[in-house]
Amino acid sequence: MRVSCNVNGEMRHAEGVEPSASLLHLLRDDLGLMGTKNACEQGECGSCCVYLDGTLVCSCLVLAGQAEGREVTTVEGLSEGENLDPVQQAFVAAGAVQCGFCTPGLVMASHDLLRRVEDPDDDEIREALAGNLCRCTGYQKIIDAVHLAAHR
Ligand code: FES
Ligand code: FES
């Protein structure tokens, strides 16, 4: 089937999409947007987080066809060219990135939190990021990064 949706401000079209394909596969395999990571495909890790019409979703749990005619924002869409979003900058500055596999999902979830809560405390950050797993950092630097982004 054909799927057309607005991705990061641009209309994109994909042909021959399997009806059972996820939005995650549409983004990575059909549209070449590799920032959104695929780790579990079961909604357990948060590495595939994107905005769908402004709502944070696990793209592995959304069918590609459900994105028809809708707006998708991926981690690539947060930056403007070479200019990273403040959340992305804060993750780098705070040393919250090790292997980086979890980072796009954590950046998206942190971005979503900071849209709702201007200056979240540690508990609010931990709760907002509870669905995003990181095997490397121990999470403290991720929390530091969210505070840094909030203060910027
Ligand atoms: S790949 Fe979607 S939640 Fe893990
Ligand atoms: S930095 Fe490696 S999984 Fe989070």
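What comes next is a walk through the structure. (Residues numbered from 1 in each chain as written. Chains lettered and ligands numbered in written order. Predicted model: local features only at pLDDT ≥ 70, side-chain atom pairs only at ≥ 80, totals over all residues. Heavy atoms only, no water.)

### Some remarks on helix α5 (residues 140-151)
- Here α5 is 12 residues long and its end C-alpha atoms lie 17 Å apart, about the 16 Å a rise of 1.5 Å per residue gives.
- The elements touched by buried residues of α5 are α2 (86-93), α3 (103-116) and α4 (122-128). (Helix = DSSP H or I, 4+ residues; strand = E, 2+ residues; numbered from the N terminus. Expected span 1.5 Å × (residues − 1). Contact = heavy atoms within 4.5 Å.)

### With respect to the sheet that holds strand β1 (residues 3-7)
- Reading across the sheet, the five strands line up as β2-β1-β5-β3-β4 and stay open at both edges, with mixed pairing between neighbours. The strands lining the two open edges of the sheet, one partner per strand, are β2 (10-14) and β4 (55-58). Neighbour-to-neighbour, the strand axes of the sheet open up by a mean angle of 40°, direction not taken into account.
- Contacts from α3 reach β3 (49-52), β4 and β5 (71-73) within the one sheet, and its direction differs from that of β3 by about 45°. (Pairing = 2+ DSSP bridges. Axes fitted to C-alpha atoms, helices over the stretch in contact; angles between N-to-C directions.)

### Looking at helix α1 (residues 23-30)
- L23, L24, L26 and L27 are the residues of α1 that are buried.
- On its buried side, α1 packs onto β1, β2, β3 and β5.
- At the exit of α1 stands G32, carrying a positive phi of roughly 70°. (Buried < 20%, exposed > 50% of the residue type's maximum accessible area, 1.4 Å probe, protein only.)

### Some remarks on a negative patch on the surface
- A cluster of like negative charges, contributed by E118, D119, D121, D122, D123, E124, E127 and D144, occupies part of the molecular surface.
- No other element matches α4, which puts four residues into the negative patch.
- Looking at the secondary structure, you find D121 in the loop between α3 and α4. (Patch = residues over 30% accessible without salt bridge, like charges linked within 9 Å, V, L, I, M, F, W, Y side chains within 5 Å. Areas by Shrake-Rupley, 256 points an atom, 1.4 Å probe, with all protein chains shown as cover. Salt bridge = Lys/Arg side-chain N within 4 Å of Asp/Glu carboxyl O. Lys, Arg positive; Asp, Glu negative; His and termini not counted. Charge placed at Lys NZ, Arg CZ, Asp CG, Glu CD.)

### Brief notes about the side chain of S59
- Among the structural elements, S59 can be located in the loop between β4 and β5.
- Exposure remark for S59: the relative accessible area of 0% places this residue in the buried category.
- Among all residues touching S59, those that are not within four sequence positions of it are S22, L23, L24, T36, C48 and V50.

### Digging into the pairing of β4
- Bridge count between β3 and β4: four bridges; the pairing is antiparallel. For L52, the partnering residue across the bridge sits in β4 and is T55.
- Joining the antiparallel neighbours β3 and β4 is a turn of two residues, in which D53 adopts a positive phi near 50°.

### Some words on unusual backbone geometry
- At D53, a residue that is not glycine, the phi angle is positive and equals roughly 50°.
- For D53, the location among the structural elements is in the loop between β3 and β4.
- The phi dihedral of Y139 falls on the positive side, at around 75°, and the residue is not glycine.
- In this structure, Y139 sits in the loop between α4 and α5.

### Here's the deal with the packing of α2 against α5
- Where α2 contacts α5, the axes come no closer than 8 Å and their chain directions differ by 135°. The orientation of α2 relative to α5 falls into the category oblique. Pair α2 / α5 crosses with right-handed handedness. Side by side, α2 and α5 meet where P86, V87, A90, F91 and A93 of the first sit next to I142, A145, L148 and A149 of the second.
- Class assignment of the residues belonging to the contact of α2 with α5 gives a composition of nine nonpolar, no polar and no charged. (Parallel < 35°, antiparallel > 145°, perpendicular 65-115°, else oblique. Left-handed = near helix turned anticlockwise from the far one by under 90°. Nonpolar A, V, L, I, M, F, W, Y, C, P; charged D, E, K, R; others polar.)

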